[in-house]
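Single-letter residue listing:
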Amino acid sequence: MAEPMNPLAGVSGPGKYAVRTDKLSMGSTAYGEGVETSAIKSGAPLSTTPDQRPMPAAEVRDAAMQAPVTELFAPTQRPDSPITAGIDMGPGAGSSALMMAKSTEKTSDILEKMLPFDSDGTIAILYQQAVARGD
């Protein structure tokens, strides 16, 4: 088992120079230190990370050039999916299926932060409208 990393050594390097922190020894196991961790680690195999190599820019460009472009008025490629899928109305999964965090900040609070940078009064008008709506 690898020795613990020196905390003064800094961050682990990229790719083949990386040091796996999940294989570090626990140091002293006196008085039961590390027993629980060893039990947890023996309960299931640790995951392995596949080798990920970036694609050269030329290959990315070539792949993008060869990718088929769907025309604007082409027939749907998902005939079983309703057009309202992803929005909170009509049939299909709602916006929760997108797993995006919804903002808890009010629109008026966001606009208020922008007021000092409003050069033509547009943000001030939007801010007043948002406050009037209670938004």
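First, a word on scope: everything that follows refers to the structure included in this document. In this text, all values refer to a predicted model and were calculated from it rather than measured experimentally.

### Points about the overall build of the protein
Okay, step 1: Summing up its helical and strand segments, the protein has 4 helices and 0 strands in all.
Okay, step 2: Listed N to C, the secondary structure of the protein is α-α-α-α in terms of helices and strands.
Okay, step 3: Residues counted as buried form 7% of the 135 residues belonging to the protein.
Okay, step 4: Here the contacts in the protein between residues at least 6 apart in sequence split such that 18% fall between residues at least 24 apart.

### Considering the side chain of serine 108
Okay, step 1: As for its position among the elements, serine 108 is in helix H3 (residues 107-114).
Okay, step 2: Taking the relative accessible area as the measure of exposure, serine 108 reaches 5% and is therefore buried.
Okay, step 3: Within the local environment of serine 108, its side chain forms a polar contact with the backbone oxygen of aspartate 135, the two atoms lying 2.9 Å apart.
Okay, step 4: Excluding its chain neighbours within four sequence positions, the residues that come into contact with serine 108 are Tyr127, Ala130, Val131 and Asp135.

### Details of the pattern of salt bridges
Pairing between side chains of opposite charge can happen when the charged atoms of each approach one another.
Okay, step 1: Scanning all chains against the criterion turns up 2 salt bridges.
Okay, step 2: The partner of glutamate 105 in a salt bridge is lysine 113, with the nearest N and O atoms 2.6 Å apart.
Okay, step 3: Taking the relative accessible area as the measure of exposure, glutamate 105 reaches 33% and is therefore partly exposed.
Okay, step 4: Overall, lysine 113 belongs to the exposed group, its relative accessible area being 54%.
Okay, step 5: Note that aspartate 135 is salt-bridged to arginine 133, the shortest N-O span being 3.4 Å.

Reading guide: rules and limits
- Residues numbered from 1 in each chain as written.
- Predicted model: local features only at pLDDT ≥ 70, side-chain atom pairs only at ≥ 80, totals over all residues.
- Heavy atoms only, no water.
- Helix = DSSP H or I, 4+ residues; strand = E, 2+ residues; numbered from the N terminus.
- Buried < 20%, exposed > 50% of the residue type's maximum accessible area, 1.4 Å probe, protein only.
- Contact = heavy atoms within 4.5 Å.
- Polar contact = N/O pair within 3.5 Å; in protein donor to acceptor, adjacent residues only side chain to side chain.
- Salt bridge = Lys/Arg side-chain N within 4 Å of Asp/Glu carboxyl O.

All we've got here are geometric facts, nothing functional implied.
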